Amino acid sequence: MAYPEVQDKAEDLKPPVIQVGVIGWIRTNLFNGWLSSLLTLVSLYILAKTVPPFFRWAFLDAAWNTAGEACRASQGACWSVVTKNLRFIIFGFYPYHLHWRPLLAMIMLFVLLFLSRERSNWKPWLLYSWLIGLGAMGLLMRGGILGLEPVESSQWGGLPLTLLLSVFGLTAAYPLGVILALGRRSRMPAIRYLCVVYIELIRGVPLISLLFMASIIFPLFLPEGITINKILRAQVAIILFTAAYIAEVVRGGLQAMPKGQYEAAESLGLNYYQTMRLVILPQALKIVIPPTVSILISAFKDTSLVVIIALFDVLKTTQSVLSNPEWMGFSREAYIFLALLYFLGCFSMSNYSRKLEKELSAGEL
Amino acid sequence: MNSKSNNTSELQHDRQAIIQIIDMHKWFGEFHVLKGINLEVQKKERIVICGPSGSGKSTLIRCINRLEEHQRGRIIVDGIELTNNIKNIEKIRAEVGMVFQHFNLFPHLTILENLTLGPIWVRKVPRKEAEETAMYYLEKVHIAEQAHKYPGQLSGGQQQRVAIARSLCMAPKVMLFDEPTSALDPEMIKEVLDVMIELAQEGMTMIVVTHEMGFAKSVAHRVLFMDYGQIVESNTPEEFFANPRHERTKLFLSQILH
């Protein structure tokens with residue numbers, strides 16, 4: 001019996017036309033069976049009904065920079081509520097003629113954040129820039145020296161306050177959370193139980209009640225005459241709260257590490273800290289990037305809860321604008337603007353995390 | 001084998017125990033894994049440990065660098081007794097290289113970084129020097145061209161050779177191999193065994209847990225057979241394979257050498 005002849009190397013054929021290209025894409029994604037075709041048509045109908053009217057309201061008929069009266073007369077959106085009050089929404093009760101100072105501080109923050117995006121920039125100079133930058137930002141906000149007019153922290157508000165609470169909150173909560181996660185897996189019972197109790201206590205309490213405690217109950221325990229800045233108290237509450245959640249996520253990552261990685265590191269003679277820092281944490285923290293970013297994003301949004309202890313973050317300043325009779329009733333526009341602001345913050349975080357994840361897994365399988 | 005008999009005579013001259021295990025016991029919970037192990041390993045000696053699975057052979061060599069803690073008896077490595085003193089344990093681990101069944105390379109580091117991690121952080125060798133040493137050993141395990149890849153991009157056999165090189169970079173006095181070829185595809189076993197044979201020819205002290213009896217015959221000075229947590233038989237490979245004394249050894253050999 002003769003064997004069928006086998007070519008040395010079978011030639012590569014092109015896939016059938018109907019599965020590739022634009023037509024192929026439309027077929028597989030939009031009209032793949034009758035149910036999918038029906039859903040596609042329904043979706044198209046809904047989009048046709050909603051998008052054009054919204055577009056007309058938001059852009060064509062909109063009032064962009066008018067007084068409140070003119071706004072009421074128009075059919076479309078009244079973006080004037082944002083444009084006319086932008087400085088109050090952004091800076092709150094910070095003295096009007098000094099707005100350049102928080103503005104400069106925010107620009108410095110954004111530049112630093114932007115520089116920190118690239119991992120190739122993670123060198124000592126960046127750390128020093130952050131230290132100097134944070135000092136300068138604090139100086140700009142507070143004033144009091146170098147001929148800068150002092151501004152009480154009770155006058156701070158708006159976007160700088162939100163950013164302050166978030167950036168410090170997240171950067172301090174992350175390492176604290178990692179330490180708690182390591183502590184919870186410690187072989188020393190005292191440390192382990194301390195971490196368990198801390199994590200469970202904090203997670204068992206809503207952030208709002210922590211903020212209340214920080215602002216109302218905590219001062220009762222302080223000796224007379226000593227007060228701790230209200231923003232600082234809120235800041236600490238946010239850090240403690242977020243850290244407990246990060247700790248549990250990181251613990252999940254630590255548990256996902258195979259035992260062999262610990263053993264390989266230990267058999268080289270690395271001590272506990274080296275093993276954790278060089279071998280275990282880089283891998284474990286990478287695994288938990290997605291849930292960690294979820295926590296950081298929700299912590300960023302949760303900073304708006306500081307309104308309940310009468311701090312004027314950017315949400316509260318927006319609300320205050322709406323209580324002005326001239327602008328009453330334009331809450332839709334104001335909140336859309338606010339939502340965009342928060343979305344920008346959250347989206348850049350998740351975007352960055354995806355970039356980081358991709359870079360860190362380069363070459364690995 | 002000529003080279004081996006030379007080595008054996010060399011051993012006679014240089015009788016000096018690098019590992020001493022005296023009446024060592026180990027329990028996993030209630031389970032008595034190791035029951036009174038006595039073993040002395042000379043410098044440059046090569047020992048192969050075989051035995052059925054669950055006989056405690058892996059546990060035995062994992063006790064030598066304290067990946068497992070023994071509960072009774074003494075283990076002395078290079079003059080240092082293994083106790084709970086963590087500094088001593090780290091010192092011993094730096095002198096004892098270990099190669100695992102599943103390689104356990106660090107997947108987030110390149111091959112080169114895998115090799116330099118120990119020397120840089122434990123031995124405090126300058127980075128440049130550590131990299132030169134690493135390249136030397138990669139050359140030795142015939143894999144230098146892969147230095148800048150990640151472990152996940154290498155085949156199993158290549159990964160295991162990297163793991164051997166990683167241990168060698170620490171300039172260990174003893175190398176422990178825990179079933180180094182058991183997780184490999186058949187066509188990759190030889191490349192790893194070849195590297196181990198080269199290492200043996202250079203006079204490395206080795207303790208190898210393996211089922212590769214060909215390797216045992218050609219390289220070992222002594223073959224140990226373990227069963228139920230005890231060393232049942234210990235002999236030169238010639239005697240061990242030709243005239244096994246114990247019934248259990250005979251049974252095991254008949255099962256393993258078809």
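Residues numbered from 1 in each chain as written. Chains lettered and ligands numbered in written order. Predicted model: local features only at pLDDT ≥ 70, side-chain atom pairs only at ≥ 80, totals over all residues. Heavy atoms only, no water.

A. How the structure looks around the overall build of chain A. Looking only at helices and strands, chain A features 16 helices and zero strands. Relative to its length of 365 residues, chain A is extended, with a C-alpha radius of gyration of 27 Å against a globular reference of 21 Å. C-alpha extents for chain A along the principal axes are approximately 100 × 70 × 40 Å. Carbon together with sulfur atoms contributes 69% to the accessible area of chain A, which is approximately 21,700 Å² in total. Put simply, chain A has 30 plus and 21 minus side-chain charges, and the middle of one group is 3 Å from the middle of the other. (Helix = DSSP H or I, 4+ residues; strand = E, 2+ residues; numbered from the N terminus. Rg over C-alpha atoms; globule rule 2.2 N^0.38 Å. Areas by Shrake-Rupley, 256 points an atom, 1.4 Å probe, with all protein chains shown as cover. Lys, Arg positive; Asp, Glu negative; His and termini not counted. Charge placed at Lys NZ, Arg CZ, Asp CG, Glu CD.)

B. Region of interest: the overall build of chain B. Looking only at helices and strands, chain B has ten helices and ten strands in total. For chain B, whose C-alpha radius of gyration is 18 Å, the value lies close to the compact-globule estimate of 18 Å for 258 residues. Across its three principal directions, the C-alpha atoms of chain B cover 55 × 45 × 40 Å. Of all intrachain contacts in chain B linking residues separated by at least 6 positions in sequence, the fraction that spans at least 24 positions is 66%. Total accessible area on chain B stands at roughly 11,300 Å², and carbon and sulfur atoms take up 50% of it. When the 30 basic and 32 acidic side-chain charges of chain B are each reduced to a single mean position, those positions are 4 Å apart. (Contact = heavy atoms within 4.5 Å.)

C. Quick look at the domain arrangement of chain A. All names here are of chain A. In terms of domain boundaries, chain A breaks down into domain 1 (97–151) and domain 2 (165–360). For domain 1 and domain 2, the distance between their C-alpha centroids amounts to 22 Å. In this assembly, seven residues from domain 1 lie in contact with seven residues from domain 2. For the pair domain 1 and domain 2, the summed buried surface comes to about 660 Å²; carbon and sulfur atoms form 58% of the total. (Domains from an automatic or database assignment. Buried area = accessible area lost by both parts, 1.4 Å probe.)

D. Inspection of the packing of aromatic side chains at higher detail. Scanning the model with the defined rule gives 15 aromatic pairs over all chains in all. For the pair Phe225(B) and Phe252(B), a centre-to-centre distance of 5.0 Å together with 40° between the ring planes defines the contact as tilted. Taken together, the residues Phe225(B) in strand 9 (residues 222–227) and Phe252(B) in helix 10 (residues 247–256) connect sequence positions 27 residues apart. Phe252(B) matches Phe225(B) in its accessibility class, with the two residues each being buried. Ring pairing ties together the aromatic residues Phe54(A), Phe55(A), Trp57(A), Phe59(A), Trp64(A) and Trp79(A), which thus form one cluster. Just above the ring of Tyr193(A) sits the side chain of Arg192(A); from NZ or CZ to the centre is 5.4 Å. One Lys or Arg, Arg166(B), reaches over the ring of Phe106(B) and ends 4.5 Å from the middle of that ring. (Phe/Tyr/Trp six-rings, centres within 6.5 Å; stacked < 30°, edge-to-face > 60°. Buried < 20%, exposed > 50% of the residue type's maximum accessible area, 1.4 Å probe, protein only. Lys NZ or Arg CZ within 6 Å of the ring centre and 35° of its normal.)

E. Summary view of the pairing of strand 9 of chain B. All names here are of chain B. Counting buried residues in strand 9 gives six out of six residues, a clear majority hidden from the surface. Examined bridge by bridge, strand 3 (residues 46–50) and strand 9 share four bridges and lie parallel to one another. Residue pairing in the sheet places Ile47 in a bridge with Arg222 of strand 9. Here strand 9 runs beside strand 10 (residues 230–235); their pairing, made up of five bridges, is antiparallel. Note that in strand 10 the partner of Asp227 across the bridge is Gln230. Connecting the antiparallel pair strand 9 and strand 10 is a turn made up of two residues, with Tyr228 showing a positive phi of about 45°. (Pairing = 2+ DSSP bridges.)

F. View of the nonpolar core. Of all hydrophobic cores here, the largest spans 67 residues; its most connected members are Leu254(A), Ile19(B), Ile21(B) and Ile49(B). Apart from the residues within four sequence positions on either side, Leu254(A) is in contact with Ala181(A), Leu182(A), Arg185(A), Tyr262(A), Ile280(A), Leu281(A) and Ala284(A). Ranked by size, the runner-up nonpolar core spans 56 residues in total, among them Tyr94(A), Leu163(A), Val167(A) and Ile297(A). (Core = buried A, V, L, I, M, F, W, Y, C linked by side-chain atoms within 4.5 Å.)

G. Just the interface of chain A and chain B, in detail. With 23 residues of chain A at the contact, the number on the chain B side is 24 residues. Between Arg93(B) and Glu266(A) there is a salt bridge, with its nearest N and O atoms 4.0 Å apart. Looking at the side of chain A that touches chain B, the elements that each hand over two or more residues are helix 12 (259–267) and helix 13 (272–287) of chain A. Here the side of chain A that touches chain B gets eight residues from one element, more than from any other, and that element is helix 12 of chain A. Across the side of chain A that touches chain B, the residue classes tally to ten nonpolar, eight polar and five charged. (Salt bridge = Lys/Arg side-chain N within 4 Å of Asp/Glu carboxyl O. Nonpolar A, V, L, I, M, F, W, Y, C, P; charged D, E, K, R; others polar.)

H. How the structure looks around the packing of helix 6 (residues 100–117) of chain A against helix 7 (residues 124–142) of chain A. Residue and element names in this part refer to chain A. The interhelical angle for the contact between helix 6 and helix 7, taken along N-to-C directions, is 165°, at an axis separation of 9 Å. Comparing their axes, helix 7 and helix 6 come out roughly antiparallel. Our pair here, helix 6 against helix 7, has a crossing hand that is left-handed. Residues Trp100, Arg101, Pro102, Leu104, Ala105, Met108, Leu109, Leu112, Leu113, Leu115 and Ser116 of helix 6 form the contact with helix 7, whose participating residues are Trp125, Leu126, Ser129, Trp130, Gly133, Ala136, Met137, Leu140, Met141 and Arg142. (Axes fitted to C-alpha atoms, helices over the stretch in contact; angles between N-to-C directions. Parallel < 35°, antiparallel > 145°, perpendicular 65-115°, else oblique. Left-handed = near helix turned anticlockwise from the far one by under 90°.)

I. Expanded view of helix 5 (residues 127–140) of chain B. Residues and elements named next belong to chain B. Taking 1.5 Å per residue as the helical rise, helix 5 with its 14 residues ought to reach 20 Å, and the 20 Å between its terminal C-alpha atoms agrees with that figure. Where helix 5 is concerned, the buried positions are Ala130, Ala134, Tyr137 and Leu138. The arc enclosing the buried residues of helix 5, seen along the axis, measures out at 105°, which places them on a common side. Opposite the buried face of helix 5, at more than 90 degrees from it, the exposed residues are Lys128 and Glu139. In the core, the buried residues of helix 5 are packed alongside helix 4 (111–121) and helix 6 (156–168). The positive-phi residue at the C-terminal boundary of helix 5 is His142, with phi of around 60°. (Expected span 1.5 Å × (residues − 1). Arc of directions from axis to C-beta.)

J. View of the pattern of salt bridges. Inspection of the entire model under this criterion finds 26 salt bridges over all chains. Across the pair Glu248(A) and Arg184(A) runs a salt bridge whose closest N-O atoms are separated by 2.9 Å. One end of the pair, Glu248(A), is in helix 11 (residues 230–255); the other, Arg184(A), is in helix 8 (residues 158–184), and 64 residues separate them in sequence. Each member of the pair Glu248(A) and Arg184(A) is classed as buried. Its salt-bridge partner being Asp194(B), residue Lys190(B) comes within 2.9 Å of it at the nearest N-O pair. With Lys190(B) and Asp194(B) both in helix 7 (residues 186–201) and four residues apart, this pair spans about one turn of that helix. Residue class for Lys190(B) comes out exposed when judged on its relative accessible area of 57%. Taken together, the salt bridges that share partners define one network made up of Arg184(A), Glu200(A), Arg203(A), Glu248(A) and Arg251(A).

K. Local environment of unusual backbone geometry. Residue and element names in this part refer to chain B. Backbone geometry places Arg66, a non-glycine residue, at a positive phi of 60°. Summarising the element assignment, Arg66 is placed in the loop between helix 2 (57–64) and strand 4 (72–77). For Arg66, a relative accessible area of 9% puts it in the buried group. The phi dihedral of Asn104 falls on the positive side, at around 55°, and the residue is not glycine.

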